[in-house]
Amino acid sequence: MILQALYDYYQRKQDDTEDALPPFGFEWKEIPFIIEIDADGRLVQIEDTRSGEGRKKQARPFLVPQGVKKTSGIASNLLWDNAEYVQAIPRKVKKGQKKPDPVRVLQQHEAFIERIRSLPEPAASDPGIVAVLALLENFSCRELMRLSVWKELRGNPNLSFRLAGKSELICQHPVVKDSIERLAEKVADSKDKGICLITGEERGISRLHPAIKGVWGAQSSGANIVSVNNKISGKNNAGPTPAFASYRKHQGFNSPIGERPVFAYTTALNHLLRKGSPQRLQVGDSSTVFWAEKRTDMETDVVDIFGELKKDDPDRQTRKVTTLFKSIHHGRYVGGDADTRFFILGLAPNAARIAVRFWQVTTVGELAIHIVRHFEDIRIVHWGKQAGYLPLLLLLASTAVQGKEKNIPPNLAGDTLRAILEGCSYPRTLLTASVQRCRAEREITYPRAALIKGCLNRATRYSNPDQKEELTVSLDPDNTNPGYRLGRLFAVLEKIQEEANPGINATIRDRYYGSASSTPVAVFPTLIKLSKHHLSKLENRGREVNFERLLGEIIDGIGDFPPHLSLEDQGRFAIGYYHQRQDFFKKREPETAQGENQ
């Protein structure tokens, strides 16, 4: 199902005139330097295609023949490769590293020339191909050493060729491109035949699939999503795990997919995972990509909503969420894009392979509803200057040690994103992490309170569908849950202490929050006795009466202090505390304030 959806996406993008994917046998590759030559094969210049400054320089991508899968052996690409293959320039190594073998470098260069010579007619007679062969057969590195780019060439960058006065590379000449496509088709048809799992047709089966790049934490050279490393040697299975050679089928023949469908799905996935892709979201160790069966704004909107805030446009996420809320309320997703199938694929690194963290097939309409539901679940009262819609990374970072993204537990990010997109309960580990951070740091921040509220309300909704909402956005005086009431009580006791001792450095929260939220009976009797001393120090007698009345209202709904609170009630304790603290700083209407003082 995953590979079929990626294959269909490739077919869809082939018809996209603005952002078409490369045809069979080709790929988009960043080429830092272009060797420009004349028709006789003489060097004109070496163009630097990079833009930017310093280490942030980025090369321009070009359409080139698909690269071979590099191994420890010698394997050359066609009409482009690194400097060792193209010009036999030994790469510069750091001190202590092994220098390249000069004999091997020459063998690589000869393999590169031989690959070009093997091109069939009419490509072999193309003026560009003739000029490239003339350059390679008579060229000396001494010419390059006089150029200003010589130091960069020692870094072993990718190179390709272009005729002077032309805009396209030589490998993009119509005759050459057509020959490469036909050659790729011929190679594909010459492979051992089998029924392709994607198309259901008999095709030449791909033995090794191209690497997938762009998955965070995977090998920089790429990793495989479909891979079996076992071979059959003679009549016996070879390798440490012969069971992988199921029914005597080795490597790609365990999951037979044709060469063209393999090219299609790997090209599509690499396109979605490419650097700067608007359809890719990195949350924790999960690299997640989004696409639909037809073009829709949701393909990129979901990344804007859950991704990092843009430094040049920090309000972009807020605008997207606001627009989504209006779209739901105005019925935009009732028709039109609502029924468009939408695909979500979460990937994680696993040594030389890629693990599928989650896979979801939904519709644009359902996904929009789930996203809106998420923001409604975590909505909670906050200060006016704080963001109304919290980014996912900020929420997850609030549960990590020191608030750093790198300390987010590996599975937590992926599981949370999956729960949001599927509209199911948040992972219990999210509630645990949020409550533990509150206890460890003795601080209930806006993001942590939002997460705890969302976790508890969703859990209640799924366990008791008749109860729509347990915890409200702001203070709920009618909530009789012991944990919630105790949290409110703790906030009131702290407020009394603060007003009785202006400028105090540490409050009861710094000393007693952990035990008060887990074993109330051991702490609250002492805190209530202490509050009487604090109340007696208040100079405003009306304020003292108001506090005593508020304490009485809260304690009357508690009864006996419980010996311990469950994880869920510890979360309610945090929300009760947070709500009550926010309520203290809420602006009162004049008549309300007057009524309270009477």
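Bear in mind the structure is a predicted one, so any value in this text is a computation, not a measurement. (Residues numbered from 1 in each chain as written. Predicted model: local features only at pLDDT ≥ 70, side-chain atom pairs only at ≥ 80, totals over all residues. Heavy atoms only, no water.)

Undergrad: Sorry, what's going on with unusual backbone geometry here?
TA: With the exception of glycine, the majority of residues adopt a negative phi angle, and the majority of peptide bonds are in the trans configuration. Cis rather than trans, the peptide bond between Glu-121 and Pro-122 has omega equal to 5°. Phi at Ala-88 takes a positive value of approximately 55°, unusual for a residue other than glycine. If you trace the backbone, Ala-88 turns up in the loop between helix H2 (83-87) and helix H3 (102-117). Among the residues examined, Ala-88 registers a relative accessible area of 15% and is labelled buried. With a phi close to 50°, Arg-442 is a non-glycine residue in the positive phi region. Relative to the helices and strands, Arg-442 is located in the loop between helix H14 (428-441) and helix H15 (446-463). Residue classification places Arg-442 among the partly exposed positions, given a relative accessible area of 33%. (Helix = DSSP H or I, 4+ residues; strand = E, 2+ residues; numbered from the N terminus. Buried < 20%, exposed > 50% of the residue type's maximum accessible area, 1.4 Å probe, protein only.)

Undergrad: Even after reading the chapter, I still don't get the sheet that holds strand E12 (residues 286-292), so can you show me in this structure?
TA: Within a sheet, neighbouring strands are paired by backbone hydrogen bonds and run either parallel or antiparallel to one another. In spatial order, the strands read E11-E12-E13-E14; together these four strands make up an open sheet with antiparallel pairing. For this open sheet the edge positions go to strand E11 (280-283) and strand E14 (353-363), each flanked by a neighbour on one side alone. Neighbouring strand axes in the sheet, compared pairwise and without regard to direction, differ in orientation by 20° on average. Alignment of strand E13 (residues 341-350) against E14, held across 10 bridges, turns out to be antiparallel. Bridge pairing in E14 places Ile-344 opposite Gln-360. Along the sheet, helix H8 (residues 259-273) makes contact with E11, E12 and E13, crossing E12 at roughly 115°. (Pairing = 2+ DSSP bridges. Axes fitted to C-alpha atoms, helices over the stretch in contact; angles between N-to-C directions. Contact = heavy atoms within 4.5 Å.)

Undergrad: In this structure, what is going on with the packing of aromatic side chains? I would like to understand it.
TA: The geometry of an aromatic ring pair is captured by the separation of the ring centres together with the interplanar angle, meaning the angle of the planes. Counted under the stated rule, the structure contains 18 aromatic pairs. Ring centres of Phe-343 and Trp-359 lie 5.9 Å apart, and the angle between their planes is 10°; this geometry places the pair in the stacked category. One end of the pair, Phe-343, is in strand E13; the other, Trp-359, is in strand E14, and 16 residues separate them in sequence. What makes Trp-359 partly exposed here is its relative accessible area of 21%. When the ring of Phe-490 is compared with that of Phe-573, the centres are 5.9 Å apart and the planes differ by 50°; the resulting orientation is tilted. With Phe-490 in helix H16 (residues 482-500) and Phe-573 in helix H20 (residues 567-584), the pair connects residues that are 83 residues apart, well separated along the chain. (Phe/Tyr/Trp six-rings, centres within 6.5 Å; stacked < 30°, edge-to-face > 60°.)

Undergrad: Looking at this structure, how should I read empty space enclosed by the protein?
TA: One way to see where empty space is left: roll a probe the size of a water molecule over the atoms. Applying the stated criterion across every chain yields a total of two cavities of 30 Å³ or more. Here the largest cavity defines a volume of roughly 40 Å³. Phe-375, Ile-378, Arg-379, Gly-388, Tyr-389, Leu-390 and Tyr-446 are the residues that line the largest cavity. Partitioning the lining of the largest cavity into residue classes produces five nonpolar, one polar and one charged. In this structure, the second largest cavity spans a volume of roughly 30 Å³. (1 Å grid on protein atoms, 1.4 Å probe; cavity = no way out; pocket = protein on both sides within 12 Å on 5 of 7 lines; lining within 4 Å. Points joined across faces, edges and corners; volume = space filled by probe spheres on them. Nonpolar A, V, L, I, M, F, W, Y, C, P; charged D, E, K, R; others polar.)

Undergrad: Would you take a moment to explain the nonpolar core for this structure?
TA: Across soluble globular proteins, you tend to see nonpolar side chains buried next to one another. Of all hydrophobic cores here, the largest spans 85 residues; its most connected members are Met-298, Phe-306, Ile-371, Phe-375, Leu-489, Phe-490 and Phe-524. The next biggest cluster of nonpolar side chains, apart from the first, holds 41 residues, and it includes Ile-46, Trp-80, Phe-112 and Phe-139. (Core = buried A, V, L, I, M, F, W, Y, C linked by side-chain atoms within 4.5 Å.)

Undergrad: Teacher, can you tell me more about helix H19 (residues 541-556) here?
TA: A turn of α-helix holds 3.6 residues, and therefore any two residues three or four places apart point the same way. In this model H19 runs 23 Å from its N-terminal to its C-terminal C-alpha over 16 residues, within 8% of the 22 Å that 1.5 Å per residue would give. All buried positions along H19 are accounted for by Glu-544, Asn-546, Phe-547, Leu-550, Leu-551 and Ile-554. The buried residues of H19 occupy an angular sector of 160° when projected down its axis, which confines them to one face. In this structure Asn-540 caps H19, since a side-chain oxygen of it lies 2.9 Å from the backbone nitrogen of Gly-542. (Expected span 1.5 Å × (residues − 1). Arc of directions from axis to C-beta. Polar contact = N/O pair within 3.5 Å; in protein donor to acceptor, adjacent residues only side chain to side chain.)

Undergrad: Hey, could you run me through the packing of helix H9 (residues 298-306) against helix H11 (residues 364-377) in this one?
TA: Each pair of packed helices gets described by two things: the angle between the helix axes and the distance between those axes. Where H9 meets H11, the axes come as close as 12 Å, and the angle between the chain directions of the two elements is 15°. Taken as axis vectors, H9 and H11 run roughly parallel relative to one another. Seen along the crossing, H9 lies across H11 with a hand that is left-handed. Residue-level contacts link Met-298, Val-302, Ile-305 and Phe-306 of H9 to Val-364, Leu-367, Ala-368, Ile-371, His-374 and Phe-375 of H11. Of the residues belonging to the contact of H9 with H11, the class tally is nine nonpolar, one polar and no charged. (Parallel < 35°, antiparallel > 145°, perpendicular 65-115°, else oblique. Left-handed = near helix turned anticlockwise from the far one by under 90°.)

Undergrad: Explain the pattern of salt bridges here, please?
TA: Once their charged atoms are close, side chains differing in charge can pair, the charge on each being opposite to the other. In this structure the tally under the stated criterion is 30 salt bridges. The salt bridge partner of Glu-293 is Arg-341, with a shortest N-O separation of 3.8 Å. Remark: Arg-341 occurs in strand E13 and Glu-293 occurs in the loop between E12 and H9; sequence separation between them is 48 residues. Owing to a relative accessible area of 43%, Glu-293 belongs among the partly exposed residues under this scheme. We note a salt bridge from Asp-377 to Arg-373, for which the minimum N-O separation is 3.6 Å. Of this pair, Asp-377 and Arg-373 both sit in helix H11, four residues apart, which is roughly one turn of that helix. Of the residues examined, Asp-377 reaches a relative accessible area of 3% and is grouped as buried. A residue is classified by how much of its surface remains accessible, and Arg-373, at 36% relative accessible area, is partly exposed. One salt-bridge network, in which partners are shared between bridges, spans Arg-373, Glu-376, Asp-377, Arg-458 and Arg-461. (Salt bridge = Lys/Arg side-chain N within 4 Å of Asp/Glu carboxyl O.)

Undergrad: Where do I start with H16 in this structure?
TA: Spanning 19 residues, H16 covers 27 Å between terminal C-alpha atoms, matching the ideal 27 Å at 1.5 Å per step. Most of H16 is tucked away, with 16 of its 19 residues classed as buried. The backbone nitrogen of Gly-483 has a side-chain oxygen 2.9 Å away, supplied by the residue at the start of H16, namely Asn-481.

Undergrad: Which parts of the structure should I look at to understand the side chain of Asn-156?
TA: Its location among the elements puts Asn-156 in the loop between helix H6 (150-153) and strand E6 (158-163). At a separation of 3.0 Å, a polar atom in the side chain of Asn-156 contacts the main-chain amide nitrogen of Glu-84. Dropping the residues within four chain positions of it, Asn-156 is found in contact with Asn-82, Ala-83, Glu-84 and Arg-91.

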